[in-house]
Amino acid sequence: SLHTSTTTTMFAINASLRHASIAAAKRSSNRFFHASPSALEKLNVEGLASRVNLEGQNVLMRVDLNVPLSKEDDITVTDDTRLRAIVPTTKFLLDKGANVILCSHFGRPKGEIIETGKNGRLNPVVPHLQNLLGVDVKKVDDCMGSDVESAASQLSSGEVLLLENTRFYKGETKNDPELAAGLGKLANYFVMDAFGTAHRAHSSTAGVADHMELSAAGYLLDKELKYLKGAVDSPDRPLCAIVGGAKVSTKIPVIESLIEKCDTILLGGGMIFTFYKALGHDIGASLVEDDMVVLASKLMKQAEEKGVKLVLPPDVVLADAFDNNANTAVAKYTEISGDWRGLDVGPETLDLFASEIEKCNTVVFNGPMGVFEMPNFAAGTVTVAELLAKATQERGAVTIVGGGDSVAAVNQAGLGDKVSHISTGGGASLELLEGKELPGVAALTEV
């Protein structure tokens, strides 16, 4: 039977595997991150600069300028995190005397030209970019064609040109060869620094590389590859993954991939109730995916066969309604019934998770532990974020936070700079953790 006699539903890791991983951890003289060989196969921006003299050369740089705009005027940038993220690569290229031609999509205009707002022109980012880069940023109102080619050819040395929203062209998201060729006419070299769209095969992320002499990863993309690929390809063991979120269905490929690579997997979020149901327990009014129950059983069996410790929360915080002000109670996972629904993991779970995280040298966190948007059900997610920060600050563990909600939770807790790496991509992070090759990375020049 899959049900264990302990209150903690977990599957013991094979003892020899445990001893081997502890021995390996002891042999490692330091606990700093070692990038995996596969993370280094693609040319990076420093490699590009060492191969060619970039003085006066045009470099097309794909970035992510999708910043939120104020709802009041549709112009004011309310969070410039993504703009600040492109500064290191842009400044490196400018210092080498290159002209940097920035291109990005903005929202989802779906092939229409929209003047303002979150799917509109890129004009609102220009003043911010000028401040951050300390140089004049020229902007054109298209991203291909004779006018754009003329503007690109007139750049002399160390100048910045911003192209218009690439998704004003319907073909951008279909990797249209005409748009890729049009972008390709603007420069001889391409730098990809938009990790958040690297899992999309679009004209400006993948197709354009066919028209370049060399294509390289910028600092942002390079760091993502080193951390995320490194975590799954050659981690400093023991490796622990903390996987949360509402649905099992969206995380199946990730969990399956992590079972192949991890020593320990801690589960949280709404998905745990599908696993409880698979173990034959009443889950009350909690979220469940009935069509995933059989698969949850299969995943638990797979983990057991692999000697991976798969840990389900022993207790949960229940509520009598999906509401921050609902009545609440803490219960063992075997004691849920009636109209009660689980909205967060409980205190016993957090103690257990703390002891598991303490044993691991590499920890990947993807997906919240509960309904963290509601303050009364945020404790699980915030505590896990604090445990990761503590692991990095106190003993140098490599901690990686990937996926939009987990990133938001870590930043909300003010711990963004206390973990090793916060991933800037949602879907791209998940696909890397699944072991998939990203089109925006595959297109780059091999070293």
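If you're wondering where the values come from, they're calculated on a predicted model, not measured in any experiment. (Residues numbered from 1 in each chain as written. Predicted model: local features only at pLDDT ≥ 70, side-chain atom pairs only at ≥ 80, totals over all residues. Heavy atoms only, no water.)

Caption draft 1: Inspection of the overall build of the chain at higher detail. A count of helices and strands for the chain gives 16 helices and 15 strands. Computed over the C-alpha atoms, the radius of gyration of the chain is 24 Å, within 12% of the 22 Å expected from 2.2 N^0.38 for a compact globule of 447 residues. The principal-axis extent of the C-alpha atoms belonging to the chain is close to 75 × 50 × 35 Å. Burial analysis of the chain (447 residues in total) assigns 55% to the buried set. Once local pairs closer than 6 in sequence are excluded, the contacts in the chain between residues at least 24 apart make up 75%. With an accessible surface of roughly 18,300 Å², the chain has 49% of that area assigned to carbon and sulfur atoms. Charge centroids of the chain, computed over 42 positive and 57 negative side chains, lie 4 Å from each other. (Helix = DSSP H or I, 4+ residues; strand = E, 2+ residues; numbered from the N terminus. Rg over C-alpha atoms; globule rule 2.2 N^0.38 Å. Buried < 20%, exposed > 50% of the residue type's maximum accessible area, 1.4 Å probe, protein only. Contact = heavy atoms within 4.5 Å. Areas by Shrake-Rupley, 256 points an atom, 1.4 Å probe, with all protein chains shown as cover. Lys, Arg positive; Asp, Glu negative; His and termini not counted. Charge placed at Lys NZ, Arg CZ, Asp CG, Glu CD.)

Caption draft 2: Geometry of the environment of Lys174. With respect to the helices and strands, Lys174 occurs in the loop between β4 (160–162) and α7 (177–184). Lys174 gets classed as exposed once you look at its relative accessible area, which sits at 60%. Between the C-alpha atoms of Lys174 and Ile114, which are 60 residues apart in sequence, the distance is 20 Å.

Caption draft 3: Spotlight on the layout of surface pockets. The calculated volume of the largest pocket comes to roughly 780 Å³. The set of elements that each furnish at least two residues to the lining of the largest pocket consists of α3 (81–85), α4 (87–95), α8 (219–233), α14 (404–412) and β15 (421–422). (1 Å grid on protein atoms, 1.4 Å probe; cavity = no way out; pocket = protein on both sides within 12 Å on 5 of 7 lines; lining within 4 Å. Points joined across faces, edges and corners; volume = space filled by probe spheres on them.)

Caption draft 4: Quick look at the packing of aromatic side chains. This structure, assessed with the given rule, holds three aromatic pairs. Seen from their ring centres, Phe92 and Tyr219 are 5.7 Å apart, and the 85 degrees between their planes marks the pair as edge-to-face. Taken as a pair, Phe92 in helix α4 and Tyr219 in helix α8 lie far apart in primary sequence, 127 residues in all. Assessed through its relative accessible area of 15%, Phe92 is described here as buried. The interplanar angle of 75 degrees and the centroid separation of 5.6 Å between the aromatic rings of Phe273 and Tyr276 together place this pair among those described as edge-to-face. With Phe273 and Tyr276 both in helix α10 (residues 272–278) and three residues apart, this pair spans about one turn of that helix. The pair Phe273 / Tyr276 is uniform in exposure class, with both members buried. An aromatic cluster is built from Phe273, Tyr276 and Tyr333, whose rings are joined through pairwise contacts. (Phe/Tyr/Trp six-rings, centres within 6.5 Å; stacked < 30°, edge-to-face > 60°.)

Caption draft 5: Molecular detail of the pattern of salt bridges. Counting across every chain of the model gives 21 salt bridges. Residue Lys306 pairs with Glu260 through a salt bridge whose shortest N-O separation is 3.2 Å. You can see Lys306 sitting in helix α11 (residues 293–306) and its partner Glu260 sitting in helix α9 (residues 252–261), a full 46 residues away along the chain. With a shortest N-O distance of 3.1 Å, Lys309 and Glu356 are connected by a salt bridge. Of the two residues, Lys309 is situated in strand β9 (residues 309–311) and Glu356 in helix α12 (residues 347–358); the sequence distance between them amounts to 47 residues. Note on Lys309: relative accessible area 10%, which makes it buried. Among the charged side chains, a network of salt bridges with common partners joins Glu115, Arg121, Lys139, Asp141 and Glu164. (Salt bridge = Lys/Arg side-chain N within 4 Å of Asp/Glu carboxyl O.)

Caption draft 6: The arrangement of the sheet that holds strand β7 (residues 239–243) in detail. Spatial ordering of the open sheet is given by β9-β8-β7-β13-β14-β15, a layout of six strands whose pairing is parallel. The two strands at the open ends of the sheet, each matched to only one other strand, are β9 and β15. Taken together, the four bridges between strand β13 (residues 362–366) and strand β14 (residues 398–401) define a ladder with parallel strand orientation. Paired with Phe365 across the two strands is Val401, which belongs to β14. Helix α13 (residues 379–395) contacts β7, β13 and β14 of the sheet and is inclined by roughly 155 degrees relative to β13. (Pairing = 2+ DSSP bridges. Axes fitted to C-alpha atoms, helices over the stretch in contact; angles between N-to-C directions.)

Caption draft 7: Examining the confidence of the model for the chain more closely. Of the residues in the chain, 91% have a pLDDT of 70 or more, and the chain-wide mean is 89. In this model, residues 1–40 is a region of pLDDT below 50 whose contacts with residues beyond four sequence positions or in other chains number 76 contacts. (pLDDT = per-residue confidence, 0-100.)

Caption draft 8: Structural detail: the pairing of strand β8 (residues 264–267). Covered by surrounding structure in β8 are Thr264 and Leu266 together with Ile265 and Leu267, the residues of both alternating faces. Across four bridges, β7 lies against β8 in parallel orientation. From the neighbouring strand, Ala241 faces β8, where its bridge partner is Ile265. Handedness of the crossover is the feature at issue here: the chain leaves β7, passes through α9, returns alongside β8, and the resulting connection is right-handed. By the bridge criterion, three bridges tie β8 to β9 in an arrangement that is parallel. Paired with Leu266 across the two strands is Val311, which belongs to β9. (Right-handed = clockwise from strand over helix to strand, strands pointing away.)

Caption draft 9: Main features of the environment of Glu348. Structurally, Glu348 is set in helix α12. Sequence spacing of Glu348 and Asp315 is 33 residues, and the spatial spacing of their C-alpha atoms is 6.2 Å.

Caption draft 10: How the structure looks around the side chain of Arg62. Inspection of the secondary structure assignment puts Arg62 in strand β1 (residues 58–62). Of the polar contacts made by the side chain of Arg62, one reaches the side chain of His105; its length is 3.0 Å. (Polar contact = N/O pair within 3.5 Å; in protein donor to acceptor, adjacent residues only side chain to side chain.)

Caption draft 11: The arrangement of helix α5 (residues 126–133) in detail. Here α5 has its buried residues at Val126, Leu129 and Leu133. Within α5, the buried residues cover an arc of 60 degrees as seen down the axis, which keeps them to one side. Of the surrounding secondary structure, the elements contacted by the buried residues of α5 are α3, α4, β2 (99–103), β3 (137–139) and β4. Looking one or two places after α5, you find Gly134, whose phi comes out positive at around 70 degrees. (Arc of directions from axis to C-beta.)

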